[in-house]
Amino acid sequence: MKLHILTLLMIILFVTGCQTSAGSTKDPQPDPSDKQPTTEDPHLPATETPKPEHETEDWRTFQPNEVGQIMILMYHEIGGQEGTWTRNVENFRHDLDVLYQENYRPVSLHDFVAGTIDVPAGTTPFVLTFDDGTSGHFRFLEEDGELVLDPDSAVAILLQMGEKYEDFTPAGTFYLYYPVPFRQRDLIAKKLQLLVQWGFEIGNHAYNHENLAQITREEATMALAKNVRSTQEYVPGYQVRSLALPYGARPKEDDHLTQGSWDGTDYKNNAILLVGANPAPSPFDTRFDPYSLPRIRADGTELPRWLDSFRKHPERRYVSDGDPDIITVPASLSEKINRIGQNNSDALIMSNANEYVRTEIDNTESKVREIAYNAVLEKEAIID
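Residues numbered from 1 in each chain as written. Predicted model: local features only at pLDDT ≥ 70, side-chain atom pairs only at ≥ 80, totals over all residues. Heavy atoms only, no water.

Overview of unusual backbone geometry
Among all residues save glycine, negative phi is the norm, and among peptide bonds the norm is trans.
Part 1 of the reasoning: Here the bond from Tyr-178 into Pro-179 is cis, since omega is 25°, no more than 30 degrees from zero.
Part 2 of the reasoning: Mapped onto the elements, Pro-179 comes out in the loop between strand S9 (173-176) and helix H5 (188-197).
Part 3 of the reasoning: In this chain, Gly-276 is followed by Ala-277 through a cis amide linkage whose omega measures -10°.
Part 4 of the reasoning: For Ala-277, the location among the structural elements is in the loop between strand S14 (271-273) and strand S15 (296-297).
Part 5 of the reasoning: One non-glycine residue, His-209, adopts positive backbone phi at about 60°.
Part 6 of the reasoning: Within the fold, His-209 resides in the loop between strand S10 (201-204) and helix H6 (217-234).
Part 7 of the reasoning: Positive phi is not limited to glycine here, since Asp-263 has a value of about 50°.
Part 8 of the reasoning: Position of Asp-263 relative to the elements: it lies in the loop between strand S12 (259-262) and strand S13 (265-268). (Helix = DSSP H or I, 4+ residues; strand = E, 2+ residues; numbered from the N terminus.)

Rendered as structure tokens:
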């Protein structure tokens, strides 16, 4: 397909100078050892409606880089003795507090893959995933004959964070296997329906945590379809859209992992998650592959290591410009932009000399337009 590029060159005089960060864009190498959300709108003055943040603030102040890397965190057990696959409650709370204080904000896996990332300017999105549907993820306790949400379960802690911080939106994907996710048989329907109601996502982890690399294609298709069928029995019509590979195991021939059908049940995964071991590319990066998304093991070793890596190399980190409709990157990284994106939208690319390139999703246009400031030449080109 050919995209027509119309380059309009304008001269714009800026009153204030702008700075851009510089540094290596090489990815860090993985260690070989390895509120229930409120629906109320913010109060606005009756006399006037303020402009969106990205119109009232200079996005350059935040030195955005929206082709930077994003952490997809992988948790298993929450609660109990700390270990490689277990995060105790205190450390899980600490993880979330540290992330928030260092300007990380959670987004759903769906929004990450779709490129519909909406976090405040200057902050970095991250994705939470929870494998296996263990009891510490989502648990009810009985008090005085009534069921109450265990305040030390992962879901409760995320809701508490949402109540504590206005700009922390509880989000996460729970990769379940059957027959008893979250280990309270009589509460499966209640829990799954509440997850959806509260804005969380439910993912596929095969029906009974089967190793998809050690069974036949037909058996794997059945395991994936049975997982979806079971979820939809509890939440009718729910669309399971992603798969976390049990054991991280992937067969050599793997097209049946993305979609398939068994006994009248269809499944389609828009994302496939691995077990390790490094941050994922931005969905706007040409290297982005939704069917091979790496995750970081959120334990006492790997998560601190990657947080420290981003402290030392902030230029590698995704930093938002605060506008979900525009992608902004340093001009030196403009060749990394995946211009079409996962939703196949066309893009409006605005380049500001040697400083930043901004890409605006424009569904009303049938071409890609490039506008370069501080120039006086107009031309047309065709990109194959």
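Describing the nonpolar core
Part 1 of the reasoning: Counting residues in each nonpolar core, the largest one holds 58 residues, and the members touching the most others are Met-71, Leu-73 and Tyr-75.
Part 2 of the reasoning: When residues of this core are traced back to their parent elements, those giving at least two are strand S2 (71-75), helix H2 (89-101), strand S6 (124-131), helix H4 (154-164), S9, H5, H6 and helix H7 (302-312).
Part 3 of the reasoning: Residues in contact with Tyr-75, not counting those within four places in the same chain, are Arg-87, Phe-92, Asp-95, Leu-128, Thr-129, Phe-130, Asp-131, Ala-298 and Leu-303.
Part 4 of the reasoning: Val-67, Val-107, Ile-117 and Ala-271 belong to the second-largest nonpolar core, a separate cluster that totals 25 residues. (Core = buried A, V, L, I, M, F, W, Y, C linked by side-chain atoms within 4.5 Å. Buried < 20%, exposed > 50% of the residue type's maximum accessible area, 1.4 Å probe, protein only. Contact = heavy atoms within 4.5 Å.)

Digging into the pattern of salt bridges
Part 1 of the reasoning: Inspection of every chain in the model, using the stated rule, returns 19 salt bridges.
Part 2 of the reasoning: One salt bridge connects Arg-87 with Glu-82, and the closest N-O pair in it is separated by 2.5 Å.
Part 3 of the reasoning: Judged by its relative accessible area of 28%, Glu-82 is partly exposed.
Part 4 of the reasoning: When the shortest N-O distance is used, the salt bridge between Arg-316 and Glu-315 registers 4.0 Å. (Salt bridge = Lys/Arg side-chain N within 4 Å of Asp/Glu carboxyl O.)

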